[in-house]
Amino acid sequence: MSYNEAKRKYAKMGIDTEKALKDLAAIPISMHCWQGDDVGGFESTGGASGGIQTTGNYPGKARTPAELMQDLSFALSLVPGRHRVNLHACYGIHEGKVADRNRLEAKHFAPWVKWAKKTGVKLDFNPTFFSHPLAADGLTLSSPDPKVRKFWVEHGVRCLDIAEYFGRELKSPCCINFWMPDGYKDEPSDRLGPRLRMADSLDRIFAHRYDRKHVVPTLESKLFGIGLESYTVGSHEFVMGYAMKAKILALLDMGHFHLSESVADKISSFLMTFGKVAFHISRPVRWDSDHVIRQNDDLRAAAQEIVKMDPKNFILALDYFDASINRVAAWVLGMRNLQKELLKAMLVPWKALKGMQDSGEFTAQLVLQEECKNYPAGAVWGEFCRRAGVDGDEAWFKRVVKYERDVLSARG
Ligand code: RNT
Ligand code: ZN
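Notes on the structure follow. These numbers come from a predicted model, not from an experiment. (Residues numbered from 1 in each chain as written. Chains lettered and ligands numbered in written order. Predicted model: local features only at pLDDT ≥ 70, side-chain atom pairs only at ≥ 80, totals over all residues. Heavy atoms only, no water.)

Comments concerning the coordination of the zinc ion (ligand 2)
In an ideal tetrahedron of four donors about a metal, each angle is 109.5 degrees. In an ideal octahedron of six donors, the angles are 90 or 180 degrees. Surrounding the zinc ion (ligand 2) are the protein donor atoms Glu220 (OE), Asp253 (OD), His280 (ND1) and Asp319 (OD), which sit 2.1 Å from the metal. In this structure, the zinc ion (ligand 2) is coordinated by six donor atoms arranged in octahedral fashion, with angles at the metal of 71 to 168°. Taken in chain order, the donor set of the zinc ion (ligand 2) reads E-x32-D-x26-H-x38-D. One end of the pair, Glu220, is in strand E6 (residues 215-220); the other, His280, is in strand E9 (residues 277-281), and 60 residues separate them in sequence. Like Glu220, the residue His280 is buried in the burial classification. (Donors = N, O, S within 2.8 Å, 3.2 Å for Na, K, Ca; no water. Tetrahedral: all angles 85-135°; square planar, octahedral: opposite > 155°, others 65-115°. Helix = DSSP H or I, 4+ residues; strand = E, 2+ residues; numbered from the N terminus. Buried < 20%, exposed > 50% of the residue type's maximum accessible area, 1.4 Å probe, protein only.)

Structural notes on the pairing of strand E8 (residues 249-253)
Among the five residues in E8, five count as buried, and that is most of the element. Burial along E8 is two-sided: the face carrying Leu249, Leu251 and Asp253 and the face carrying Ala250 and Leu252 are both buried. As a crossover connection, the stretch from E8 through helix H8 (residues 263-274) into E9 is right-handed. (Right-handed = clockwise from strand over helix to strand, strands pointing away.)

Details of the packing of helix H10 (residues 327-346) against helix H14 (residues 395-406)
Running from amino to carboxyl end, H10 crosses H14 at an angle of 160°, the nearest separation of the two axes being 10 Å. Taken together, H10 and H14 sit at an angle that is classed as roughly antiparallel. The way H10 lies across H14 gives a crossing that is right-handed. Facing H10, whose interface residues are Val328, Ala329, Val332, Leu333 and Arg336, H14 presents Trp396, Phe397, Val400 and Tyr403. Residues that form the contact of H10 with H14 fall into these classes: eight nonpolar, no polar and one charged. (Axes fitted to C-alpha atoms, helices over the stretch in contact; angles between N-to-C directions. Parallel < 35°, antiparallel > 145°, perpendicular 65-115°, else oblique. Left-handed = near helix turned anticlockwise from the far one by under 90°. Contact = heavy atoms within 4.5 Å. Nonpolar A, V, L, I, M, F, W, Y, C, P; charged D, E, K, R; others polar.)

Points about the layout of surface pockets
Empty space within the largest pocket amounts to approximately 770 Å³. Forming the boundary of the largest pocket are 30 residues, of which Asp23, Ile27, Asp310, Pro311 and Lys312 lie nearest the centre. Listing elements by their share of the lining of the largest pocket, those giving two or more residues are helix H2 (17-25), strand E4 (174-178), strand E12 (314-318) and H10. For the lining of the largest pocket, the residue count by class is 20 nonpolar, two polar and eight charged. There is about 630 Å³ of room inside the second largest pocket. Listing elements by their share of the lining of the second largest pocket, those giving two or more residues are helix H9 (297-308), H10, helix H11 (350-358) and helix H12 (362-372). Looking at the lining of the second largest pocket, the element that brings in the most residues is H9, giving six residues. (1 Å grid on protein atoms, 1.4 Å probe; cavity = no way out; pocket = protein on both sides within 12 Å on 5 of 7 lines; lining within 4 Å. Points joined across faces, edges and corners; volume = space filled by probe spheres on them.)

Thoughts on empty space enclosed by the protein
Throughout the structure, instances matching the rule amount to four cavities of 30 Å³ or more. Around the largest cavity sit 18 residues that line it, and Ile52, His88, Trp179, Glu220 and Asp319 are the ones nearest its centre. Here the residues of the lining of the largest cavity are counted per class, giving seven nonpolar, five polar and six charged.

With respect to the site of ligand 1
By nearness alone, every residue bordering ligand 1 is listed as Trp34, Ile52, His88, Trp179, Glu220, Lys222, Asp253, His256, His280, Asp288, Asp319 and Phe321. Between an oxygen atom of ligand 1 and a side-chain N or O atom of His256, the distance comes to 2.9 Å. Contacts to ligand 1 include Asp288, whose side-chain N or O atom sits 3.5 Å from an oxygen atom. Contact with the protein chains covers 100% of the free accessible surface of ligand 1, which is 310 Å². If you map ligand 1 onto the pockets, it falls in the largest cavity. Its residues assigned to classes, the shell around ligand 1 shows four nonpolar, three polar and five charged. (Near = heavy atom within 4 Å. Polar contact = N/O pair within 3.5 Å; in protein donor to acceptor, adjacent residues only side chain to side chain. Areas by Shrake-Rupley, 256 points an atom, 1.4 Å probe, with all protein chains shown as cover. Sits in = over half its atoms within 2 Å of the grid points.)

Looking at the pattern of salt bridges
Taken as a whole and assessed by the stated rule, the structure comprises 24 salt bridges. Among the ionic pairs, Arg84 bridges to Asp124, the shortest N-O distance being 2.8 Å. Of this pair, Arg84 sits in strand E2 (residues 84-88) while Asp124 is found in strand E3 (residues 122-126), placing the two residues 40 residues apart along the sequence. Under the relative-accessibility criterion, Asp124 is labelled buried at 4%. The shortest N-O distance in the salt bridge between Lys222 and Asp288 comes to 3.5 Å. Of this pair, Lys222 sits in the loop between E6 and strand E7 (231-232) while Asp288 sits in strand E11 (residues 287-291); the two residues are 66 residues apart in sequence, bridging distant segments of the chain. The class for Lys222 is buried, based on a relative accessible area of 6%. (Salt bridge = Lys/Arg side-chain N within 4 Å of Asp/Glu carboxyl O.)

Comments concerning the side chain of Glu383
Along the polypeptide, Glu383 turns up in helix H13 (residues 377-388). Judged by its relative accessible area of 10%, Glu383 falls in the buried class. In this structure the side chain of Glu383 is engaged in a polar contact, spanning 2.8 Å, whose partner is the side chain of Arg386.

What follows is the structure, given as structure tokens:
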């Protein structure tokens, strides 16, 4: 079906596809740098710790800042729209000796800012509370050792400064997300103490002066990590409570809940509480496995809530790391899948459906909900890509295959 035919069909249902195209173009997604090198970073070659795990050894991963920037730029060129890139503190670029996490400075990220300006992307940031000797026992901000806590508080403070630098330089508020792996493998005897210590450490970090115009702090909860199965300090309730009290945002990661919970259902309550919701779009398969996101029911449900509650109220970031497939394709597919689900959600007659809900017309509601699923959203997506000058269908993958042949395969 052509775009114009689809446009007419949607118009009959009261939906303006031109508005959808405009609205979708205005949604930036923060693409996570860490899919490019399996959460490796540039400090050592140790790989990720802290209860997270990449699996697979597909060849061609980025080994240097230049390679990662090249891959990110290429991936973004296959995605319609203007987006952001999400960096972790372990992706600092160090001349000679690597500065420790509590000594990180803006200068270690200056090449990223230069690249971002050249590429036309904005940057988001994350302190890295893992893959470090002082996080080896799984405890950082909640460690019983005051020296360890002090080190990680310093890291958090340094990262606030770096986030402010990103926000100011790129003239766009930088979301800085705090996720700490802290937890215990087996049942702890004290569940309160670690949480009190973590809250105190966070208080010390946020007592640092930072400009809220440039920095948007978020706090991410989690259910469990590998090797930390029995207790997570930064649980869902901890994060809800702390974020409310500290007047920062809570971040929902789609992989950080029991698999039968609906993350989409949490969104409206989060929005009522915080006014804005930050998101790690991820896909758990049996556990927090960080698979590339697909256009599945969970993503669709989340995208629908986001669209209904105005995408401007959301900070959208991807978070997954699959090392078993082409990493550039993993990025592109995830970005496009989220955009597709957002677009599809914009092409649903919500006003009519809400009316049916309120007047108790549940049969009609069910029928329309289901029929909408087969409306020609693909034609609208094709038009969106055409106007953005990128491939509207799987043709983009041919370019990735060529990139793999020409660029990735030359890497050891
Ligand atoms: C881990 C969290 C966290 C990380 C990134 C690398 O379970 O989801 O967001 O994935 O910070
Ligand atoms: Zn996450």
